[in-house]
Amino acid sequence: MGDSSTSNATGPKTPPLGTSSPDFVPELKSTPSATGTAIVSEYIGALGVDVGDVRPWITRDIHDHRKCEIDPMLEELLYRCGDTSKPVPDKSILLKACFDAVLPICNESDDIKQFLTSFFVDVPGLPSSKAHDDSSNILFHRNDPMPICQTHQGAESKRKPDVVVVSCQTAARSNKKKGGGRKKAGNRKKAKGGKEPESGNEEDVIYTEADILSTVEFKRSNNANKTMKPPPTSEYEIKEYAPPTQPYIDLRKELKEMKESQERAEQPSATPALAAAASSSKIPSQPSRHSDRLGNKRDSEHLASNERNTKRSKSNNEQIAEEKKEEKEPIKLPAIVQNGLYVAEMFAAHIARQHVISCVVIDDIIYVWYFDRQSGIQCSGFNFIQDLPRFLVLLLIMQRMQYAQWGMNPLFDSKTTFVTDKDNRKVDLTFNMESEDRTTHFGLRGRATNVLSVTSDVLSSLPRARHSLNDTEELVAKLYWPEGSRQSEADILEEVYKIVDGKREQMTEEERKQVDSHVPEMVWFHKFEDTSTASIREALNIKDAKRGSRVFYIIVFRKLRPITELSGREFLRAWWHAVLCR
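Report follows, based on the coordinates. Everything numeric in this text was worked out from a predicted model, so none of it was measured.

**Looking at the sheet that holds strand β18 (residues 552-558)**
The strands making up a sheet are joined through hydrogen bonds of the backbone, oriented either antiparallel or parallel. If you walk across this open sheet you meet the six strands as β13-β14-β15-β16-β18-β17, and the pairing is antiparallel. Looking at the sheet topology across the chains shown, the edges are occupied by β13 (416-420) and β17 (522-528). Averaged over neighbouring strand pairs, the angle between their axes works out to 30 degrees when direction is ignored. Inspection of the sheet shows strand β14 (residues 426-431) paired to strand β15 (residues 450-455) by two bridges, in the antiparallel sense. Paired with Thr430 across the two strands is Thr455, which belongs to β15.

**Quick look at unusual backbone geometry**
Cis rather than trans, the peptide bond between Asp144 and Pro145 has omega equal to 15 degrees. In this structure, Pro145 sits in the loop between β2 (138-142) and β3 (148-152). Although it is not a glycine, Asp363 adopts a positive phi angle of roughly 60 degrees.

**What about the nonpolar core?**
Membership of the largest hydrophobic core comes to 51 residues, with the highest contact counts inside it found for Met73, Leu78 and Val393. The biggest single contributor to this core is helix α13 (residues 388-400), with nine residues. Non-local contacts of Leu78, meaning those with residues more than four positions away in its chain, are made with Leu94, Leu95, Cys98, Leu126, Val393, Leu396 and Ile397.

**Side note on helix α15 (residues 489-500)**
In a regular helix each residue adds 1.5 Å, so twelve residues correspond to 16 Å; α15 covers 17 Å between its end C-alpha atoms and thus fits that length. All of the buried residues in α15 are Glu489, Ala490, Leu493, Tyr497, Ile499 and Val500. Within α15, the buried residues cover an arc of 160 degrees as seen down the axis, which keeps them to one side. A positive phi of about 70 degrees marks Gly502, the residue just after α15.

**Overview of the side chain of Asn450**
Within the secondary structure, Asn450 sits in strand β15. Taking relative accessible area as the criterion, Asn450 reaches 6% and is therefore assigned buried. Within the local environment of Asn450, its side chain forms a polar contact with the backbone oxygen of Ala448, the two atoms lying 3.3 Å apart. Those residues in contact with Asn450 that sit more than four places away from it in its chain are Ile351, Thr439, Thr440, His441, Ala477, Lys478 and Leu479.

**What about the packing of helix α3 (residues 70-80) against α13?**
Across the interface, α3 lies against α13 with an axial gap of 10 Å and an inter-helix angle of 30 degrees. Judged by the inter-axis angle, α3 sits roughly parallel to α13. When the axes of α3 and α13 are compared, the crossing they make is left-handed. Where α3 abuts α13, its residues Ile70, Asp71, Leu74, Leu77 and Leu78 lie against Arg390, Val393, Leu394, Leu396 and Ile397. For the contact of α3 with α13, the residue count by class is eight nonpolar, no polar and two charged.

**Structural notes on the packing of helix α4 (residues 91-106) against α13**
Direction vectors running N to C along α4 and α13 enclose 110 degrees, while the axes themselves pass 9 Å from each other. With respect to α13, the element α4 is oriented roughly perpendicular. In this structure, α4 meets α13 at a crossing whose hand is right-handed. Contacts from Leu95, Cys98, Phe99, Val102, Leu103, Ile105 and Cys106 of α4 reach α13 at Leu388, Pro389, Arg390, Leu392, Val393 and Leu396. The residue inventory of the contact of α4 with α13, partitioned by class, reads twelve nonpolar, no polar and one charged.

**A short note on the pairing of strand β9 (residues 355-362)**
Of all eight residues making up β9, eight are buried, and the element is well covered by its neighbours. Residues of β9 alternate between two faces, with His355, Ile357, Cys359 and Val361 on one and Val356, Ser358, Val360 and Ile362 on the opposite face, all of them buried. Looking at chain direction, strand β7 (residues 214-219) and β9 are connected through four bridges and run parallel. If you follow Lys219 over to β9, its bridge partner there is Ile362.

**Some points on the pairing of β18**
The side chains of a regular strand alternate between the sheet's two faces. In terms of burial, β18 is a largely internal element, seven of the seven residues being buried. Side chains of β18 alternate between two faces, with Phe552, Ile554, Val556 and Arg558 and Tyr553, Ile555 and Phe557 buried alike. Two elements, strand β16 (residues 475-480) and β18, share six bridges in a ladder whose sense is antiparallel. Within β18, the position partnered with Leu479 by the bridge is Ile554.

**Remarks on the pattern of salt bridges**
Counted according to the given criterion, the structure contains 23 salt bridges. In this structure, Glu474 engages Lys559 in a salt bridge whose closest nitrogen and oxygen atoms are separated by 3.9 Å. One end of the pair, Glu474, is in the loop between α14 (457-460) and β16; the other, Lys559, is in the loop between β18 and α18 (568-581), and 85 residues separate them in sequence. Judged by its relative accessible area of 47%, Glu474 is partly exposed. Residues Glu483 and Arg486 are paired through a salt bridge, measuring 3.7 Å at the closest nitrogen-oxygen approach.

**Details of α13**
Structurally, the α-helix is built with 3.6 residues per turn, so residues lying three or four positions apart point the same way. In this model, α13 (13 residues) spans 19 Å end to end at C-alpha, consistent with the 18 Å of a helix rising 1.5 Å per residue. Buried residues dominate α13, accounting for 13 of its 13 residues.

**Section: the packing of aromatic side chains**
To describe a pair of aromatic rings, one takes the distance between the centres and the angle between the planes. The full count for this structure, using the stated rule, is nine aromatic pairs. Aromatic pair Trp575 and Trp576: ring centres 6.1 Å apart, planes at 40 degrees, arrangement tilted. The exposure class of Trp575 is partly exposed, given its relative accessible area of 45%. Taken together, the ring pairs connect Phe412, Phe431, Trp481, Phe528 and Phe552 into an aromatic cluster. Looking at Lys91, its charged tip hangs above the ring of Tyr79, at a distance of 5.1 Å from the centre. Over the aromatic face of Phe418 sits the side chain of Lys426, whose NZ or CZ is 5.3 Å from the ring centroid.

Quick notes on the rules
Residues numbered from 1 in each chain as written. Predicted model: local features only at pLDDT ≥ 70, side-chain atom pairs only at ≥ 80, totals over all residues. Heavy atoms only, no water. Pairing = 2+ DSSP bridges. Helix = DSSP H or I, 4+ residues; strand = E, 2+ residues; numbered from the N terminus. Axes fitted to C-alpha atoms, helices over the stretch in contact; angles between N-to-C directions. Core = buried A, V, L, I, M, F, W, Y, C linked by side-chain atoms within 4.5 Å. Buried < 20%, exposed > 50% of the residue type's maximum accessible area, 1.4 Å probe, protein only. Contact = heavy atoms within 4.5 Å. Expected span 1.5 Å × (residues − 1). Arc of directions from axis to C-beta. Polar contact = N/O pair within 3.5 Å; in protein donor to acceptor, adjacent residues only side chain to side chain. Parallel < 35°, antiparallel > 145°, perpendicular 65-115°, else oblique. Left-handed = near helix turned anticlockwise from the far one by under 90°. Nonpolar A, V, L, I, M, F, W, Y, C, P; charged D, E, K, R; others polar. Salt bridge = Lys/Arg side-chain N within 4 Å of Asp/Glu carboxyl O. Phe/Tyr/Trp six-rings, centres within 6.5 Å; stacked < 30°, edge-to-face > 60°. Lys NZ or Arg CZ within 6 Å of the ring centre and 35° of its normal.

Below, the structure written as structure tokens:
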């Protein structure tokens, strides 16, 4: 079944051809009507389009983020972790109680490391700390240089986040796959009780994007030795938030530094005479391993491809693909762009993930990011050495975050999803995640459409629509995030059904016949009212919180055959009907 979401996709448009923007990388050369990752990601895997083509759009999405101070975000995250069985205190009171609880730990010992890897703090209004052997505890695992792979529309991506946050249960399962024990999990640090595990071979641990709850990306600036200060000699105190010299990461500045670094790397190191001698030599040189030495944080997206027949002439698409291979990749992407790519991978790994929380650390400043399908939200940074109490509060929050607080939709936690709809029916949905026909999304914001085959005992037993000519028993589900202020797709289809049934005024019989038998049969739809992306923005007092807000929908249709399966007269007839129905 085709997806019409791209026609109404929202997002920043590409600059018209022939223009350039000094703020962004020059790869943005799409047509003026393109609208970002909502368009590009659906063609990943097509000849000449790979995962790397989406990166400039993700950079654009990161640029168009909103901002808030760190304390309002800490208050909101604490409130979401609150013990619902008891009255939850006011947000500001809850944050102060957390500061009071962690302050003694900050001043208890010079060796703070042991307290960071194992501390138990009880705060009124929050659930108690878990036992050190609780499998839902989280681990900070040093991942780089191990690649984490994922497939998008047949194309493979490889990411190397510096640190990943996973559950202890996930870490134990990953170790078991390699035949190792839990103590062979590599370089980890617990955030929920227990002692630091012994170091081992980190190659014994294999994670997938679906395993990852969050990531932490690190960057060390050129002047870090001058700007970073040792811990204070006096005791820590609870102070009002004081922003650092750079309260927010400046993407323009980061891209400028990337460009300058790349230009320095491209400067010839040999003299002109040596260069001329090398170019005139007929001895074939050995394959260069320069790309392997450029560092582990290179933008490494790879597209699996089959060998081509060199005897036939090359098409335009193949020539484009070869030209793209010659384009030089950035030596090292900015930390926030890397972070955005990891977030896109985490979104793609779960068809119903609602948000992602991640961190970027530059020297001794940590920046918390919150991403959902509306946009990213960057929190102002704070110095985790000079402002250790605030850092411990952040760890305390991570201690108590459940899968829902990490952004996972609990309804989609098992093989079969059960949704109670507006008619109080408990609808079962079993999605086919392995089908080659499924359409997935790779990006940060927008409708994020996923189209999957689905089976359902409840929906299969429903009576067929009168106007339907589709006799298939197969169903297909469309999961997407449209703007909440727009008329829903289900409401639009209901209006179309009125035309088919002759219930709409001012419609001629000829016009009705043109629509009849060309309308897909909508079997069921559901709007998840509690998923609005405006909620977090209203809680943070971000201006125009509801503007462009999105909400999660599922709509189920009878499955249609792709027109590409037809040929000859059948294809022409179907194509002509599509033109008439337009």
